[in-house]
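Inside the fold
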Amino acid sequence: MNVRVARAAWARGCGASSFPRPPPGAVDVAELLRDAAVEEPRAAAARRLPGQCSVLLFPGQGSQVVGMGRGLLRYPRVRELYAAARRVLGYDLLELSLRGPQEALDRTAHCQPAVFVASLAAVEKLHHLQPAVIENCVAAAGFSVGEFAALVFAGAMEFSEGLYAVKVRAEAMQEASEAAPSGMLSVLGRPQSKFSFACLEAREHCKAAGIESPVCEVANYLFPDCRVISGHLEALQFLQKNSSKYHFRRTKMLPVSGAFHTRLMEPAVEPLAQVLKAIDVKKPLVSVHSNVNGNKYMHPKHIQKLLVQQVVSPVKWEQTMHAIYERRKGTEFPRTFEVGPGKQLGTILKNCNLQAWKAYSPVEAMEAEDTDQDL
């Protein structure tokens, strides 16, 4: 389906909803997509060559940095997005994003909304500079909280609804992370690395240390031989000390406050579920892939169910990349754009599929650059 629909999803703000809305006409991407879906004959869509299509990737928590959004403010409607965000959140997200401090921006309760809004602001920039990229988008995916931005882009929910859900999710995850000393460990392994066995032994170590029901499991599948493991800090420290035993090439603690995407986040499930029940979720106008299984969402009820499940389930990003980019030998790859702060998803794509990565471009969200027109 033509993706012109994707951009206006969050401003479809005239129906019945209890959520604060952007000003009229603030963002119209989904309407563009919706109109295109009606206007473009199926035959014309079928004739579009793979190399003319595009894929949008939305980053997640960890990509935030003070100054993000500064390079987006000169594009139409971006300031309106941040003004709408202020009404939904109750604080000045733009000020926090531009000036920090970094410690405040890094708090889960702040960084998830900040990345969500910056990513959709980057879509505005991309639409302004290269509208054909939006019009020819065939798929979208978002990493963890980025999945909410992808769904708003695709018209499955409004901007204000998606942001409010992210706000509730982030605050609940922040609270859950403070219940026990926990975290996330990035692990670059080797083909012979046995991640599951390593996690099992780390849990046994924790039991011996007196920790009841210890958690240590793969939380993110990034690319071959690279995983993020979440769990109790004692378990993660055990893995770091014994990294050679498990053939880990490199380990690094991530700057996050808790063991995301594990059962330690169960207290965040019900608050998010209640919010999503109140949202009129629609079928995406562009294919959006779920973090839980890598598959396309087929029905609005699946979206509500899997977004909740995602909080306590591993992010299967490697599997998602294979699902999006798998194709017959000799078939061109779509152009891929990372919309939001950072280039982490591009790095992951390079390690998952080098040929697909050759058609990758980041949409810069920091200072404006003279090369913007060359995106």
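Residues numbered from 1 in each chain as written. Predicted model: local features only at pLDDT ≥ 70, side-chain atom pairs only at ≥ 80, totals over all residues. Heavy atoms only, no water.

Heads up, the condition is: UniProt positions are given in the numbering used here, feature names are shortened, and annotations may be inferred rather than shown by experiment.
As named in an unreviewed UniProt entry, the protein is Malonyl-CoA-acyl carrier protein transacylase, mitochondrial, taken from Equus przewalskii. Under Catalytic activity (unreviewed entry), UniProt gives the following word-for-word description of the protein: "holo-[ACP] + malonyl-CoA = malonyl-[ACP] + CoA". A UniProt comment under Pathway (unreviewed entry) is attached to the protein, and it reads "Lipid metabolism; fatty acid biosynthesis."

Re the overall build of the protein
The condition that has to hold: Secondary structure counts use DSSP, requiring at least four H or I residues in a row for a helix and at least two E residues in a row for a strand, with both numbered from the N terminus. The criterion used for residue contact is that any of the two residues' heavy atoms lie within 4.5 Å.
When helices and strands are tallied, the protein shows 16 helices and ten strands. Considering only intrachain contacts with a sequence separation of at least 6, the fraction spanning at least 24 residues in the protein is 78%.

Some thoughts on the packing of aromatic side chains
Formally: Stacked, edge-to-face and tilted labels apply to pairs of Phe, Tyr and Trp rings (six-membered ring for Trp) whose centres lie within 6.5 Å, assigned for plane angles under 30 degrees, over 60, and everything in between, in that order. The buried label applies to any residue whose accessible area, calculated with a 1.4 Å probe on protein chains only, is under 20% of its type's maximum; exposed applies above 50%, and partly exposed to all values in between.
Under the defined criterion, the tally for this structure stands at six aromatic pairs. Geometrically, the ring pair formed by Phe 197 and Tyr 246 is edge-to-face, given 6.3 Å between the ring centres and 70° between the ring planes. Remark: Tyr 246 occurs in the loop between helix H11 (233-241) and strand E6 (250-253) and Phe 197 occurs in helix H10 (residues 195-208); sequence separation between them is 49 residues. Overall, the relative accessible area of 40% leaves Phe 197 in the partly exposed class.

Details of a positive patch on the surface
Using the following cut-off: Residues enter patches when their relative accessible area tops 30% and they take part in no salt bridge; the joining distance is 9 Å for like charges and 5 Å for the nonpolar side chains Val, Leu, Ile, Met, Phe, Trp and Tyr. Per-residue and other accessible areas follow the Shrake-Rupley method at a 1.4 Å probe size, with only the shown protein chains counted as cover for residues. A side-chain nitrogen of Lys or Arg and a carboxyl oxygen of Asp or Glu constitute a salt bridge if their distance falls within 4 Å. We treat Lys and Arg as the positive residues and Asp and Glu as the negative residues; His and chain ends play no part in the count. Here the site of a charge means NZ on Lys, CZ on Arg, CG on Asp, or CD on Glu.
Taken together, the side chains of Arg 190, Arg 249, Arg 250 and Lys 252 define a basic patch exposed on the protein surface. With respect to the element layout, Arg 250 can be found in strand E6.

Focus: the sheet that holds strand E1 (residues 54-58)
Selection rule: A pair of strands is treated as paired once DSSP finds two or more bridges between them. Fitted lines through C-alpha atoms serve as axes, helices being fitted only where they are in contact, and the angles separating the N-to-C directions of these axes extend from 0 to 180 degrees.
Taken together, five strands build an open sheet; the order of strands is E7-E2-E1-E9-E10 and the sheet is parallel. Two strands close off the open sheet at either side, each with one partner strand: strand E7 (287-289) and strand E10 (360-363). Strand-to-strand twist of the sheet, defined as the mean angle between neighbouring strand axes without regard to direction, takes the value 20°. Sitting on the sheet, helix H8 (residues 146-153) touches E1, strand E2 (137-142) and E7, and the angle it makes with E2 is about 150°. Across the face of the sheet, helix H14 (residues 317-325) comes into contact with E1, E2, E7 and strand E9 (335-339) while running at roughly 170° to E1.

Points about the sheet that holds strand E4 (residues 216-223)
Strand pairs in the sheet, formed through backbone hydrogen bonds, run parallel or antiparallel to each other. Taken in spatial order, the five strands make up an open sheet running E6-E3-E5-E4-E8, and their pairing is mixed. Pairing within the sheet leaves two strands with one partner each, and these edge strands are E6 and strand E8 (315-316). Strand direction decides the pairing type here: strand E3 (residues 182-188) and E6, joined by four bridges, are antiparallel. Bridge pairing in E6 places Val 187 opposite Thr 251. Its contacts with the sheet place H10 against E3, E4 and strand E5 (226-232), and it is angled at close to 155° to E4. With respect to the sheet, H14 is in contact with E4, E5 and E8, its orientation differing from that of E4 by roughly 30°.

Side note on the layout of surface pockets
Counted only if it meets this: Each cavity reported here is a set of points on a 1 Å grid over the protein atoms alone in which a 1.4 Å probe fits but cannot get out, each pocket an open set with protein on both sides within 12 Å along at least five of seven lines, and each lining residue one with an atom within 4 Å of a point. Grid points are joined across faces, edges and corners, and a volume is the space filled by probe spheres set on the points. Here the nonpolar group is Ala, Val, Leu, Ile, Met, Phe, Trp, Tyr, Cys and Pro; Asp, Glu, Lys and Arg are the charged ones; every other residue, Gly included, is treated as polar.
In this structure, the largest pocket occupies an estimated 790 Å³ of space. Lining the largest pocket we find 31 residues, and of these Ser 186, Leu 222, Val 228, Leu 254 and Gln 344 sit closest to its centre. Within the residue set of the lining of the largest pocket, elements represented by two or more residues are helix H9 (159-177), E3, E4, E5, E6 and helix H15 (344-352). If you tally residues by element for the lining of the largest pocket, the top one is H15, at five residues. In terms of residue class, the lining of the largest pocket is made up of 16 nonpolar, twelve polar and three charged.

Concerning the nonpolar core
Inclusion rule: As used here, the term nonpolar core means buried Ala, Val, Leu, Ile, Met, Phe, Trp, Tyr and Cys residues forming a set that is joined through side-chain atoms within 4.5 Å.
Of all hydrophobic cores here, the largest spans 96 residues; its most connected members are Leu 56, Phe 58, Phe 116, Phe 153 and Phe 159. At ten residues, helix H6 (residues 108-129) tops the list of elements feeding residues into this core. Those residues in contact with Phe 116 that sit more than four places away from it in its chain are Phe 148, Ala 149, Val 152, Phe 159, Gly 162, Leu 163 and Val 166.

Quick word on the packing of H9 against helix H12 (residues 269-277)
Convention followed: What sets the label is the angle itself: under 35 degrees gives roughly parallel, over 145 gives roughly antiparallel, 65 to 115 gives roughly perpendicular, and the rest give oblique.
Across the interface, H9 lies against H12 with an axial gap of 9 Å and an inter-helix angle of 170°. Judged by the angle between their axes, H9 and H12 are roughly antiparallel. Of the residues in H12, those in contact with Tyr 164, Ala 165, Val 168, Arg 169 and Ala 172 of H9 are Pro 271, Leu 272, Val 275 and Leu 276. Class assignment of the residues belonging to the contact of H9 with H12 gives a composition of eight nonpolar, no polar and one charged.

Some points on the pattern of salt bridges
Scanning the model with the defined rule gives eight salt bridges in all. Two residues, Arg 86 and Asp 92, come together in a salt bridge whose shortest N-O distance is 3.3 Å. Put simply, Lys 282 and Asp 280 hold a salt bridge, and the shortest N to O gap is 2.7 Å. Classification of Lys 282 as partly exposed rests on a relative accessible area of 29%.

A short note on helix H3 (residues 78-89)
Counted only if it meets this: The span you would expect from a helix comes to 1.5 Å times its residue count less one. When we speak of the arc, we mean the arc of directions from the helix axis to the C-beta atoms.
End to end, H3 covers 16 Å across twelve residues, agreeing with the expected 16 Å (1.5 Å per residue, within 8%). Taken as a whole, H3 has its buried residues at Val 78, Leu 81, Tyr 82, Ala 84, Ala 85, Val 88 and Leu 89. Projected down its long axis, H3 carries its buried residues within an arc of 160°, all on one side. On its buried side, H3 packs onto helix H4 (93-99), H6 and H9.

Looking at the pairing of E9
With respect to burial, E9 is a largely interior element, four of its five residues being buried. The sheet contact formed by E9 and E10 spans four bridges and is parallel. By the bridge assignment for E10, Val 339 is matched with Val 363.

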